[in-house]
Amino acid sequence: MADKVFMQGNEAFAEAAIRSGCKFFFGYPITPSSEIPEYYAKKAPAEGLTFIQAETEVSAFNMVAGVAATGKRGMTATAGPGFSLGCEAMSYMSAASLPAVIVDCMRPGPADGEILGSQGDYNQLTKGGGHGDYNTIVLAPYSVQEYADFAPLAFDLAEKYRNPVVIASDGTIAKMMENVVLPERVEPKGRADWAVDGMNGRGHHNDITTCGDGPEQWERFNLDLQAKFAKIRENEQRWEEIDTADADIIIVAFGTMARVCLDAIRLARKDGLKVGMIRPITIWPFPEKAFANYIGKGKKFFVTELNAGQMVNDVKIAVNDNASVEFYGRLGGMIPSPVEIYNKLCELYK
Amino acid sequence: MKSELIFSGIGGQGTILMGKMACTAASKKGYNVTLSPAYGQEKRGGRASCQVVISEEIGSMIISEADTILVMDEKSLIDYEGKVKPGGTLIINSSMIDKKADRTDIKVVEIPFTEIATKVATAKSANMVALGAVVKTLDIITLDDAREVIKMKMKPALVDANIKALEAGYDYVK
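Residues numbered from 1 in each chain as written. Chains lettered and ligands numbered in written order. Predicted model: local features only at pLDDT ≥ 70, side-chain atom pairs only at ≥ 80, totals over all residues.

## So, the overall build of chain B
The condition is simple: Put simply, DSSP H or I for four residues or longer makes a helix, DSSP E for two residues or longer makes a strand, and each gets a number counted from the N terminus. Neighbour counting defines burial: a residue surrounded by 20 or more other C-beta atoms within 10 Å of its own C-beta is buried, one with 12 or fewer is exposed, and intermediate counts give partly exposed, using backbone-placed C-beta atoms. Note on contacts: residues are paired as contacts if their backbone-placed C-beta atoms lie within 7 Å.
When helices and strands are tallied, chain B shows six helices and six strands. Along the first, second and third principal axes, the C-alpha set of chain B runs to 40 × 40 × 35 Å. Scored against the burial criterion, the 174 residues of chain B give a buried share of 49%. Sequence-distant contacts in chain B: of pairs separated by 6 or more residues, those separated by 24 or more amount to 56%.

Written out as structure tokens, the structure reads:
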């Protein structure tokens, strides 16, 4: 196994993306994502990579769409305000079945907000953000190791389903430094089936299109997309369960908040409180399968997020009125300590 | 074994560098380390702080109460005195802070980092005096571990002076 290195989250992700064969980066710097383009740009000359600092995120996201159409691995990284600008391209990439990887280092909004950690973009990332009926797979890392591991996974999933994949990072995961084992280098795959690169021995030209001719065709086009999303929903729900088997209270938390809750669970267990956690790893598709074993059994769910209550709605849908769901959130870049969460758990126990 | 530390000061004082060096030392010994930095947009003059967790298991990067807290400026003292675990240590940079700590349930160590650094090396090594003082309060990292990190991370010409500063800080804490 490769050695562990002590590395910042964003830099570990950038290195892992390069090792995953991501040869193109387009972006516009914005805190707290800027170390990703910075690292990539530094490595670009020696590694033969293409790095372009676009004039806006609108261009950067469309450049990513362009490179995806050629069958090559490309990405961008941004924060909430930049992701909002890229949403038109997100909708187009999903509709056009273009595989790409996009990192959103969430910061507290709305508007420019602060530059610290937050989970305020949950709805935007998981419910579309752009226009129309589309979805993107969203992976939410909770450690530098997972952040790095998600680079190859995100490219593989993007190509498997030919759909954009988003990494839901945040100001805390992005800037945090931890030990990490970086993924092995993979060689770029051969010519992609969908690449718009002329016939060159193929019997046909590839078209990248988002157009149907008339509502009948347009509906069929949409139904095909929906069939793809249904397949993703069926196959790609990912989550981790911690001490859930005997738990009276099951915490639901992702990313930074899941880390805080690990310590809160240890405090609670030490005091004999039976607390566990479901940690969504994909926040789209939301891991509703995880809840099936626990509903209707008198367990309480406690959702905690760094926002005003966004994922909590997906938890309510997953338990479908068969369990009580409580919520606690902090805003503006504030992150609760493990003791603060533990105190909330004690209140719930009463 | 688990150590939770907070380093807080003003940008330019090397606060986050100290945290990184403590992490590097612990990481070399096989511990999980997490450094969570917080700094403003200013290059110099704004708050620069980091929370460091050294542990055998993965856990929260946000600390409820720390075993040792180092404060390099007065604002940091005001903000972080309350976060020291009862029985823990608060290390105060008395070169820059006149205010006294209020708590009596913790060990308070006042050290004139700049004056000590100037005596054994130069004022620039004040943060290594501070690191030495922090290391003294820890079981996980020894003075030798910290010396090794200085040798690994610093230019050869700076190693001797910074090790002297580190040792001076270490020896100052009784």
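## Considering the environment of Lys231 of chain A
Mapping Lys231 of chain A onto the fold places it in helix α8 (residues 214-235). In this structure, the C-alpha to C-alpha distance between Lys231 of chain A and Phe51 of chain A, residues 180 residues apart in sequence, is 34 Å.

## Notes on the interface of chain B and chain A
Here is the rule: For this scheme, ten residues count as nonpolar: Ala, Val, Leu, Ile, Met, Phe, Trp, Tyr, Cys and Pro. Four count as charged, namely Asp, Glu, Lys and Arg, and the remainder, Gly too, count as polar. The rule for pairing is simple: two strands pair if DSSP sees at least two bridges between them.
Contact with chain B, which involves 17 residues of that partner, is made by 16 residues of chain A. Of all the elements in the fold, those that place two or more residues in the side of chain B that touches chain A are α1 (15-28) and β2 (32-39) of chain B. Examining the composition of the side of chain B that touches chain A, we find that six residues originate from one element, β2 of chain B, more than from any other. Here the side of chain B that touches chain A is composed, by residue class, of eight nonpolar, eight polar and one charged. Here two bridges tie strand β8 (residues 177-181) of chain A to β2 of chain B, and the two strands are oriented antiparallel to one another. Counted as the bridge partner of Met177 of chain A is Leu35 of chain B from β2 of chain B.

## Considering the packing of helix α1 (residues 9-19) of chain A against helix α2 (residues 35-47) of chain A
Residues and elements named next belong to chain A. Rules: Each axis is a line fitted through C-alpha atoms, and for a helix only the stretch in contact is used; angles between axes span 0 to 180 degrees, taken between their N-to-C directions. Should the near helix be turned anticlockwise from the far one by less than a right angle, the crossing is left-handed, and should it be turned clockwise, the crossing is right-handed.
As a packed pair, α1 and α2 sit with axes 8 Å apart at the nearest point and diverge in direction by 40°. The two elements α1 and α2 meet at a crossing, and its hand is right-handed. The residues of α2 that touch α1, namely those facing Asn10, Glu11, Phe13, Ala14, Glu15 and Ile18, are Glu35, Ile36, Tyr39, Tyr40, Lys43 and Glu47. Of the residues belonging to the contact of α1 with α2, the class tally is six nonpolar, one polar and five charged.

## As for the nonpolar core
We apply this condition: For this analysis, nonpolar core means a set of buried Ala, Val, Leu, Ile, Met, Phe, Trp, Tyr and Cys residues linked through C-beta atoms within 7 Å. Either an automatic procedure or a domain database provided the assignment from which the domain bounds are taken.
Residues Leu139, Ala154 and Cys261 of chain A together with Val129 of chain B are the most contacted members of the largest nonpolar core, which totals 162 residues. Per-element accounting of this core gives the leading share, 11 residues, to helix α6 (residues 144-161) of chain A. If you count residues domain by domain, this core takes at least three from each of domain 1 (4-181) and domain 2 (240-349) of chain A. Residues contacting Cys261 of chain A, with those up to four places away along its chain left out, are Ile251, Ala253, Met277, Thr304 and Ile341 of chain A.

## Remarks on the sheet that holds strand β6 (residues 137-139) of chain A
Residue and element names in this part refer to chain A. With respect to topology, seven strands assemble into an open sheet ordered β3-β2-β4-β5-β7-β6-β12, the strand pairing being mixed. Two strands bound the open sheet, and with one partner strand each, they are β3 (50-53) and β12 (282-284). The sheet shows a mean angle of 20° between the axes of neighbouring strands, direction not considered. Where strand β2 (residues 24-27) lies against β3, four bridges are found, and the strand directions are parallel. Across the sheet, the residue bridging to Phe26 is Ile52, located in β3.

## Focus: the domain arrangement of chain A
Residues and elements named next belong to chain A. Here the domain parsing of chain A yields domain 1 (4-181) and domain 2 (240-349). Between the C-alpha centres of domain 1 and domain 2 there is a distance of 27 Å. The partner domain 2 presents 21 residues to the 23 residues of domain 1 that form the contact. Listing elements by their share of the side of domain 1 that touches domain 2, those giving two or more residues are α5 (122-126), β6, β7 (165-170) and α7 (171-175). For the side of domain 1 that touches domain 2, the leading source of residues is α5, giving four residues.

## Details of unusual backbone geometry
Residue and element names in this part refer to chain A. Along the chain, Gly109 connects to Pro110 via a cis peptide bond; the corresponding omega equals -5°. With respect to the element layout, Pro110 can be found in the loop between β5 (101-106) and α5. In this structure, Pro285 follows Trp284 across a cis peptide bond, with omega equal to -5°. With respect to the element layout, Pro285 can be found in the loop between β12 and β13 (300-305).

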